[in-house]
Amino acid sequence: MSEIIVITSGKGGVGKTTTSANVGTGLAILGKKVVLIDTDIGLRNLDVVMGLENRIVYNLVDVVEGNCRMKQALIKDKRYPNLFLLPSAQTRDKTAVTPGQMVKLVDDLRDDFDYILLDCPAGIEQGFQNAIAGADRAIVVTTPEVSAIRDADRIIGLLEAADMGSIELIVNRIRADMVKRGDMMSLDDVMDILAIDIIGAVPDDEDIVISSNQGEPLVGMGTPAGQAYMDVCRRIIGENIPIQNPAVREGLFFRLSHLLKRA
Amino acid sequence: MNLFPVFRKKNSGEIARNRLKLLLVADKADCSPEIMQMIKDDMIRVVSRYMDIDSDRIEIQMKKLKQPDCERFTPVLYANIPIRDVPDKGIY
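Residues numbered from 1 in each chain as written. Chains lettered and ligands numbered in written order. Predicted model: local features only at pLDDT ≥ 70, side-chain atom pairs only at ≥ 80, totals over all residues. Heavy atoms only, no water.

What follows concerns the overall build of chain A. Within chain A one finds 12 helices and 8 strands. The proportion of buried residues among the 263 residues of chain A is 56%. Long-range contacts, defined as pairs at least 24 residues apart, comprise 76% of the intrachain contacts of chain A with a sequence gap of at least 6. Summed over its atoms, the accessible surface of chain A is roughly 11,400 Å², and 48% of this surface lies on carbon and sulfur atoms. (Helix = DSSP H or I, 4+ residues; strand = E, 2+ residues; numbered from the N terminus. Buried < 20%, exposed > 50% of the residue type's maximum accessible area, 1.4 Å probe, protein only. Contact = heavy atoms within 4.5 Å. Areas by Shrake-Rupley, 256 points an atom, 1.4 Å probe, with all protein chains shown as cover.)

The next thing to look at is the sheet that holds strand S8 (residues 197–203) of chain A. Residues and elements named next belong to chain A. Taken together, the 8 strands give an open sheet; going across it, the order is S3-S4-S2-S5-S1-S6-S7-S8, and neighbouring strands pair in mixed fashion. This sheet does not close on itself; its edge strands, each paired only once, are strand S3 (75–76) and S8. Bridge analysis of strand S1 (residues 3–8) against strand S6 (residues 137–142) gives 4 bridges, and the strand direction is parallel. The residue bridging Ile5 from the neighbouring strand is Arg137, located in S6. (Pairing = 2+ DSSP bridges.)

Now for the interface of chain A and chain B. On the chain B side, the residues contacting the 15 residues of chain A number 16 residues. Each partner contributes to the roughly 1,300 Å² buried at the junction of chain A and chain B, and carbon and sulfur atoms together form 57% of this total. Counting across the interface, chain A meets chain B through 1 salt bridge. Between Arg17 of chain B and Asp189 of chain A there is a salt bridge whose closest N-O contact spans 3.0 Å. Our count for the chain A to chain B interface comes out at 3 residue pairs in polar contact (both at pLDDT 80 or more). (Buried area = accessible area lost by both parts, 1.4 Å probe. Salt bridge = Lys/Arg side-chain N within 4 Å of Asp/Glu carboxyl O. Polar contact = N/O pair within 3.5 Å; in protein donor to acceptor, adjacent residues only side chain to side chain.)

Counting along an α-helix, one turn takes 3.6 residues, and residues three or four places apart therefore face a common direction. Capping the start of helix H10 (residues 206–214) of chain A is the job of one residue whose side-chain oxygen sits 2.9 Å from the backbone nitrogen of Asp207 of chain A: Asp205 of chain A. A positive backbone phi angle near 70° is found at Gly215 of chain A, which sits one or two residues after H10 of chain A.

What follows is about the nonpolar core. The nonpolar side chains of soluble globular proteins are, as a tendency, buried together. Residues and elements named next belong to chain A. Val6, Ile37, Leu86 and Leu159 are the most contacted members of the largest nonpolar core, which totals 58 residues. Tallying contributions element by element places helix H7 (residues 146–161) first for this core, with 6 residues. Non-local contacts of Ile37, meaning those with residues more than four positions away in its chain, are made with Leu46, Leu60, Leu86, Leu105, Val106, Leu109, Ile116, Leu117, Leu118 and Asp119. In terms of nonpolar packing, the next biggest core, distinct from the first, is built from 35 residues, Ile75, Leu218, Ala228 and Tyr229 among them. (Core = buried A, V, L, I, M, F, W, Y, C linked by side-chain atoms within 4.5 Å.)

Okay, structure coming up:
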């Protein structure tokens, strides 16, 4: 039975695409057959974060308009043979596709994949409506900032109104040092305010920048964010893994491994 | 290091949290921070007629609470009005 998950946030720049790339790759590492769909028509990015930008021939709009078959548009990942990307169109806009067409598109993929991940554009307009139309489950990404959380709250309201089956939260870019000195909202603060289930807490990690520079998702690697994303993937497939709060993890082991990394 | 914690400014994380709480409910209940302030002023005026309240420490916010009869969180108006004294008006 396949599951269709939309990754959304409302606000731009909080890490939707990074999260999509890492969660998709992580699920593939766990042996699942995964397809990532970039639904941000006109502003395509997921291909770059995945390092697949040079392999694009056809895109999502081509599939919807019948210019090609689905198989022709799907790009196989460089590293994982069970991971695919359906890129977005760069020269069109959000109105090129309707929610009804998206529902059909993901339904056509259901039989062939375990997980279908939809990377949603920022905003609450048609691009968002398209992305959530066919989804069974939503993951809302936010950061511990007033503007991002306000938008997340609005998105959660819209998802509830659209009868989304399950809505879960990822709090991204948590800076333990700032939380500790009281200059950043903690994970508990964010959970308390948004009052939905949490599926991931991802620390701010400069390796994320490096990994997107290289076009290679870092999920599963030894870095703090890589581990946090792998935990998210395990929770998605139903494993019961307690949330690691980045702000209270500085035990002996953590500091030691940090020290070793630096040396 | 601040040697006089009394004079220390509030941490910005706490400021963010408080702003957000107000903002979210204002978004939901469709009432702006200005309206919240007006509600607060009106409440001070009304309650002051009956008791001596500490108007500087009044806290008023919209919260999301799970009501016992309903699964969803619903907004409630929460007011915390510290009372200094209740004048004896010979009612009791």
